[in-house]
Amino acid sequence: MNEKNNLFMGCPVARGLESVGDAWSILILRDAHSGVTRFDQFRKNLGIAPTMLTKRLGALTDAGLLEKRVYSERPTREEYLLTAAGQDFLPVLMMIGAWAQRNCGENLARYIDEETGLEVEPIGIDAVTGAKLGSRPMRMGQASGAG
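Residues numbered from 1 in each chain as written. Predicted model: local features only at pLDDT ≥ 70, side-chain atom pairs only at ≥ 80, totals over all residues. Heavy atoms only, no water.

Caption draft 1: Just the overall build of the chain, in detail. What the chain contains, in helices and strands, is seven helices and two strands. Its helices and strands taken in sequence order, the chain reads α-α-α-α-α-β-β-α-α from the N to the C terminus. Taking 2.2 N^0.38 as the reference for a compact globule, 147 residues should give roughly 15 Å; the C-alpha atoms of the chain span a radius of gyration of 18 Å, well beyond that estimate. Principal axes of the C-alpha set define a box for the chain whose edges measure 60 × 50 × 30 Å. Burial analysis of the chain (147 residues in total) assigns 24% to the buried set. A total accessible area of about 11,000 Å² is found for the chain, and carbon and sulfur atoms account for 53% of it. In the chain, the 17 positive side-chain charges and the 18 negative ones have mean positions that sit 5 Å from each other. (Helix = DSSP H or I, 4+ residues; strand = E, 2+ residues; numbered from the N terminus. Rg over C-alpha atoms; globule rule 2.2 N^0.38 Å. Buried < 20%, exposed > 50% of the residue type's maximum accessible area, 1.4 Å probe, protein only. Areas by Shrake-Rupley, 256 points an atom, 1.4 Å probe, with all protein chains shown as cover. Lys, Arg positive; Asp, Glu negative; His and termini not counted. Charge placed at Lys NZ, Arg CZ, Asp CG, Glu CD.)

This is the structure we're talking about:
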């Protein structure tokens, strides 16, 4: 493996995209976060071809973001549930949506907090410093221990 490939594989963005790297997979995760679990529901919501949906659900299952569970024995039917890794993807979905609201046109749907009824405005925060992501210089590299 050459140096460029080593850098690519050590990149968390590249590694993450390896698991969810296309629009269909991200939209499946979006729908799963909205409570969709069954093949026919995904197909109806997304308008995706059955063969494509089968491939994407398989890839997300193999990547550990979804897990299959049998909900009917006769005929055998399975549903797809978010794993902890899949649940951990929700902030990513919200950040993609927030970016699109700022940069991809008007009249897009908004996230609404069901308890308060207020619009949610997702932002990324560094848990270590409390700084808003993008407000400080950053580089990608190995973390250095605070000594």
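Now that the structure has been shown, we can carry on.
Caption draft 2: Quick look at the packing of aromatic side chains. Summed over all chains, the structure comprises zero aromatic pairs. The cationic tip of Arg38 hangs over the ring face of Tyr71; the distance from NZ or CZ to the ring centre is 3.6 Å. (Phe/Tyr/Trp six-rings, centres within 6.5 Å; stacked < 30°, edge-to-face > 60°. Lys NZ or Arg CZ within 6 Å of the ring centre and 35° of its normal.)

Caption draft 3: Quick peek at the confidence of the model for the chain. The predicted model of the chain averages 89 in pLDDT, with 90% of residues at 70 or higher. Least confident of the elements in the chain is helix H1 (residues 3–10), whose mean pLDDT is 60; most confident is helix H6 (residues 84–87), at 97. (pLDDT = per-residue confidence, 0-100.)

Caption draft 4: Region of the structure containing unusual backbone geometry. In this model, Arg74 is joined to Pro75 through a cis peptide bond whose omega is -10°. In this structure, Pro75 sits in the loop between strand E1 (66–72) and strand E2 (77–82). Phi is positive for Asn107, which is not a glycine, with a value near 60°. By secondary structure assignment, the location of Asn107 is in the segment after helix H7 (90–103). Judged by its relative accessible area of 78%, Asn107 falls in the exposed class.

Caption draft 5: Main features of the environment of Gln101. The topology assignment puts Gln101 in helix H7. Judged by relative accessible area, which is 14%, Gln101 ranks as buried. With 65 residues separating them along the chain, Gln101 and Val36 place their C-alpha atoms 24 Å apart. Gln101 has contacts with Leu108, Ala109, Arg110 and Tyr111, leaving out every residue within four places of it along the chain. (Contact = heavy atoms within 4.5 Å.)

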